[in-house]
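Coordinate analysis (summary)
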Amino acid sequence: DTSTHMAYVAQQQLDGYDATVRHALKRKAAFDKRVLARSPREVIFSAGQLVQFFHSNLNTTFEAKRKILPRWSPPCRIKER
């Protein structure tokens, strides 16, 4: 009886995680559609511009020490194209 209940709880957690991931993908698709409709071109940076990049690998981490790391890099200048 206990093992059945634990399996049920584990399945509920997996179902919740699946729903969260599906919702995030749906929101990303809507966002991307809106952004691409506004500017459907490739972004090309020129020398001297300031840029930042996003550390997407920190989005899916479960380590507590990595959760507080900044997700955006400090501003960097483009040196050459």
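Residues numbered from 1 in each chain as written. Predicted model: local features only at pLDDT ≥ 70, side-chain atom pairs only at ≥ 80, totals over all residues. Heavy atoms only, no water.

A short note on the overall build of the protein
Quick note on the threshold: Runs of H or I in DSSP of at least four residues are treated as helices and runs of E of at least two as strands, each being numbered from the N terminus. Throughout, the radius of gyration refers to the C-alpha atoms, and the reference size of a globule is 2.2 Å times the residue count to the power 0.38. The contact definition used throughout considers only heavy atoms, calling two residues in contact when any of these lie within 4.5 Å. The method behind every accessible area is Shrake-Rupley, applied with a 1.4 Å probe, and residues are considered shielded solely by the protein chains displayed. By the counting rule applied here, Lys and Arg register as positive and Asp and Glu as negative, while His and the ends of each chain are not counted. The location of each charge is read from NZ of Lys, CZ of Arg, CG of Asp or CD of Glu.
Along its length, the protein carries 2 helices and 2 strands. The helix and strand sequence of the protein, counted from the amino end, reads α-β-α-β. By the compact-globule yardstick of 12 Å for 81 residues, the protein is too spread out, its C-alpha radius of gyration being 20 Å. Along the three orthogonal principal directions, the C-alpha set of the protein runs to about 65 × 35 × 15 Å. Here the contacts in the protein between residues at least 6 apart in sequence split such that 46% fall between residues at least 24 apart. Of the roughly 7,700 Å² of accessible surface on the protein, a fraction of 60% belongs to carbon and sulfur atoms. Computing the positive centroid from 15 side-chain charges and the negative centroid from 7, the protein places the two 11 Å apart.

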